[in-house]
Amino acid sequence: MLTAHQIEEIALRFFPFEHDGVTFGLRSLFYQDKSPSDDIEIEGDTLTLTYMLVIRMPDGSISDVMEFARTYDLTKLTEERWVAYLEGFQRAFPSLEHDPGVAREEAFDDPANVTADDFERAFLTPRPEDEDDRTFLEKTEEGYQAYLQKARPKGKEDAQRRRAEAVDQCMARHAEVAARVEQTYGLLLPKHAALTWAFFSSLSPYEWRAPAQRLGIGPSTVSSGVLSLYSERAFQRPLKEGFDPRMHFVAPAFPPEALIMFLGDFHAFALFYDDPAYLPSGAVVYDMEDKSRWMGETFLDFFRDWARELVKYPGLLSDGGKIDETAFFNVRLFLEALEEFEAYTEQVREEDRARMRWPYSERAQMAELRSGVGICTDLGDGAGFEIPSDIHAAESQEAVTQAVARARQLLAEGDPRYALALGRELHCACGVPDRQNFSTLWQAEALSLMVAAYEALGRGALARKAEVHHANRGIFMKDAYKDADPATEPLGFEFAVSLAGDYFPFLIQRGEYKLGFETADGQAADPSDCIQLQDGILTLTLAFTHTDPEDDSAVGFFVTAQYDVKNVSVQRFRAFLAGWQKGFPDIARRWKPCIERLRADDNAGQEVIDAMGIRDMWSDYALADEANTTEEDFAWAIRDGLQNGGRNKEQQYRAYLEAEHPSDAEQDERRWAAALETALLRFPAVAARVEKTYGFRLPKHVALAWAYFSSLTESEARGFRELFSIDPAGVMELFEDGGLDRKVKEGFDERLHQVQPCDAPEYLLVAAAGPDHRLALVYDDPSCTPSGVMLVDNSLHFQVWRGETLLDQIRAWVNGVLEDEVGAFHCRKDEMLLARRLLEVLDGFAEHEARIRREDRAAMRWSYAERSAVDPKMGIFGIWTEQGDSQGIELADALAKYQDAADEVQAKLPGWIARAKRELAEGDPRYALALGRELHASYPWPPQDERPPLWQAEALELMVAGYEALGRHALARRVEAHHAHRSLFDESAFEADG
């Protein structure tokens, strides 16, 4: 048997195998730090070899790497058979598929194989299990032809027509674009740039799929960079103020030689100029680390070679071992489009080549530096000069200093190559602005070396480009030109696809209703596959789905919507989609009876769908009515739908008022003024009653809120309650007719009117939605007017600030409806009409509201903005003191409700209580109030035998002492009354007939 050393020595005579960009051999051949012996393992009679297969793109970059191990029977391994095996393997290799199976150890195990001819034949003979030896291309031909029926329904001739028209248009614009590039950059633009734009602009939605999905290149990315100058409206875009056009989509580390033509996901594609007096030799690509590599002589060469590689080796498209057939079809279609363009490319290739300084085949082998592609000169390139490794490392600073000095010396001696090589490497090492890796280290030297070297070579355009770049080093790939005005920009296919992708799918009720782009099997579809724009008519094919929340069963169907967009701007179509999205919940609800019929009757089909009036729901009427311009306009029109022919918002609102709230402006103003006058007349007496009962200073905005409620008509008040479920409560009841004359129940403390067991004594109730949701004024200091209103949710045990006044909260609720906040009020049209009316009533009090707000603020101790900025601590809001708030007090490990606290927390409470009393005695009541109020809020409700009230005596003691220490006696008295009647729950203090 052979030894490991003999096996290695013979293997190295043959490996590596190389063919058409594919390299195969022992794994160690691809690593400098590994030895062939690392890949050879012998255990008993078994030999294991570790192989590696590397596939490269035409430009030399690696596209795939596969590593795998194969075992051999060592008893059959003689020197003669090992040599014959490797020689036969080497001969067969060019014909083998690109997969790890190429090692074919079973060929070695067959004793009939002795000579190199035997092994070559064995390698090329299909395995018995591979009955179908056709290529993947052949196997999928029938499927591809079916795919073409959908992807290219008008046939190849139509595609060729599109290509020819695009070439004619772009070549006609080339002279103007080239002149702009020369004027701006001082660079000559090759004609193949025009063909690149022509090619991309000729692609159909299906032809875009391969580059978009696999390279991140789509219509929007191609429209970035210099290539976009070929677009029809490019020259109409004005330059941004103060922006140098030479910085158009330039990243800080891009060298001056790179002219950024277009972008992809995490890549920038550029032409590379060694000498501005000549056309570039080829194209390069920059990755996220700003490393560059050659792509090809033209961009289309690269894309063609990339697509051919994938068609030849479809295993690269595999996902979990199975080739993605649809992805393969997309690539094949893209390749056909490229091949249809080859004739045009060849027509301009020779013309471009005649104006190059170095042919691409020669240039691509020159000037490779650490950052990628280096620059060349007549003296040669700078690749042979040593560049310091990490210019940011402390240990590299001396080496960089010496390198800069040497570069300047050589420059003075007439050799600019090292200055250019070093300057560009320093320039490329700057990093990215606003990230930790950004550095200005050595950037002044980089600029100095580059400019001097470019000038010495007579390449002034590159010197100027470098100066502009360093003067604007913080810019990161920004568009130098102002965006097209969406108000005037006509809607095109690209914008239609992009906007549709932004807004669809429409979803309501957690996906119970869905409208979006889907395939026949329910998978998400690319919008470009479902949208067509021809002769100004935009067609959207959409899937509607209703999912039953009970069992997740779904019914659905496809619908088609068509729009005449000949005179529709991008802005208007965006507003239309946004309005349609807002109106969708209303539309979907109208379909519910039809959905139920579809579920109940398997035979129900198009008849039921037609009955839903889907097409009419969002047909052309909304877009055709020029009175609709904003998303709100379109939402109203779409909601109005079939019933009223899609009237705009103002028409609907006028009709709504006439039907639901008949009243003229003069009547409204008289009613509002009368309500306000009554409220202000009653306010002094109500305020005196509140001060006498509670010891609290009542703000005048409570009177204004009562005036608002009392000014509502019967229909408005009914609508308000239905929409927000809120009614005046608590002290606001005192403003009602006879409110001050009502009798307090015998033995009842009025301070406990509608109080609940865990309420903080600082609450003064003003409105409520049943016992669970209440709005209360919050009194930190009873001698001052309160800073704001708090929403108290007793069911969930939380509190949140909701505004300075009650009207602030009402205004926020109403605006929430009008702004169509998803899920807030379901955004139905009738609710929005009512909300607008309620806001109109609010606006009727606006002038008085501003005056009253100023009066109340003058008596506040802390502003609402200042007070509401303090987050709740644990279970309740913290109380404010002159020494600060109680939020900074540490209640380590405490739970929000102490009745549920673990035993160890209960054990800590005596220590906390002792601390609170100690700090209270020292003159700081904050901890006593924080802890006392938390214990107070932990009172168990409803009462339970297993949860007896704990620590309530201590809570009362701490709170009373804390309030007294702060001079807030009214709060101390109220909490004493509260603890004396702790079981009260939302009970009125007044007699029923009072």
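Up top is the structure these notes are about.
This section reports on the structure supplied with the text. This structure is a prediction, so every number in the text was calculated from the model and none was measured.

## Considering the overall build of the protein
- In terms of regular secondary structure, the protein is built from 37 helices and 27 strands.
- Across the 994 residues of the protein, 54% fall into the buried class.
- Long-range contacts, defined here as pairs at least 24 residues apart, represent 68% of the contacts in the protein between residues at least 6 apart.
- Total accessible area on the protein stands at roughly 44,500 Å², and carbon and sulfur atoms take up 48% of it.

## Quick word on the sheet that holds strand β21 (residues 727-728)
- If you trace the five strands from one edge of the open sheet to the other, you get β21-β22-β23-β24-β25, paired in antiparallel fashion. Bordering the open sheet on either side are β21 and β25 (798-803), each of which pairs with just one other strand.
- Of the strand pairs in this sheet, strand β23 (residues 773-778) and strand β24 (residues 789-793) are connected by five bridges, and their pairing is antiparallel. The residue bridging R774 from the neighbouring strand is V792, located in β24.

## Description of the side chain of D856
- By the element assignment, D856 lies in helix α32 (residues 846-858).
- There is no salt bridge for the buried D856, and the closest opposite charge comes from K700, which lies 6.9 Å off by N-O distance.
- Contacts of D856, omitting those with residues within four sequence positions, involve P699, K700, H701 and T785.

## What about unusual backbone geometry?
- Here the bond from F15 into P16 is cis, since omega is 5 degrees, no more than 30 degrees from zero.
- With an omega dihedral of 5 degrees, the bond running from F504 to P505 counts as a cis peptide bond.
- For P505, the position within the fold is in the loop between α19 (493-503) and β16 (506-508).
- A positive phi is found at M477, a non-glycine position, where the angle reads about 50 degrees.
- Among the residues examined, M477 registers a relative accessible area of 22% and is labelled partly exposed.
- Backbone geometry at D986 places phi at a positive 60 degrees, although glycine is not the residue there.

## Here we look at the nonpolar core
- The biggest cluster of nonpolar side chains holds 90 residues, and the ones touching the most others in it are L189, M261, F262 and F303.
- Counting residues per element, this core draws most heavily on helix α12 (residues 325-340), at nine residues.
- Dropping the residues within four chain positions of it, F262 is found in contact with T196, F200, I217, T221, V222, S224, L227, A268, F269, F299 and F303.
- If you look at the next biggest cluster of nonpolar residues, it comprises 68 residues, including A675, F724, Y963 and A970.

## Notes on the pairing of strand β18 (residues 531-534)
- The sheet contact formed by β18 and strand β19 (residues 537-547) spans four bridges and is antiparallel. Within β19, the position partnered with Q534 by the bridge is I537.
- If you look at the hairpin formed by β18 and β19, you'll find two residues sitting between the two strands, and D535 has a positive phi there, around 55 degrees.

The rules behind each value
Residues numbered from 1 in each chain as written. Predicted model: local features only at pLDDT ≥ 70, side-chain atom pairs only at ≥ 80, totals over all residues. Heavy atoms only, no water. Helix = DSSP H or I, 4+ residues; strand = E, 2+ residues; numbered from the N terminus. Buried < 20%, exposed > 50% of the residue type's maximum accessible area, 1.4 Å probe, protein only. Contact = heavy atoms within 4.5 Å. Areas by Shrake-Rupley, 256 points an atom, 1.4 Å probe, with all protein chains shown as cover. Pairing = 2+ DSSP bridges. Lys, Arg positive; Asp, Glu negative; His and termini not counted. Salt bridge = Lys/Arg side-chain N within 4 Å of Asp/Glu carboxyl O. Core = buried A, V, L, I, M, F, W, Y, C linked by side-chain atoms within 4.5 Å.

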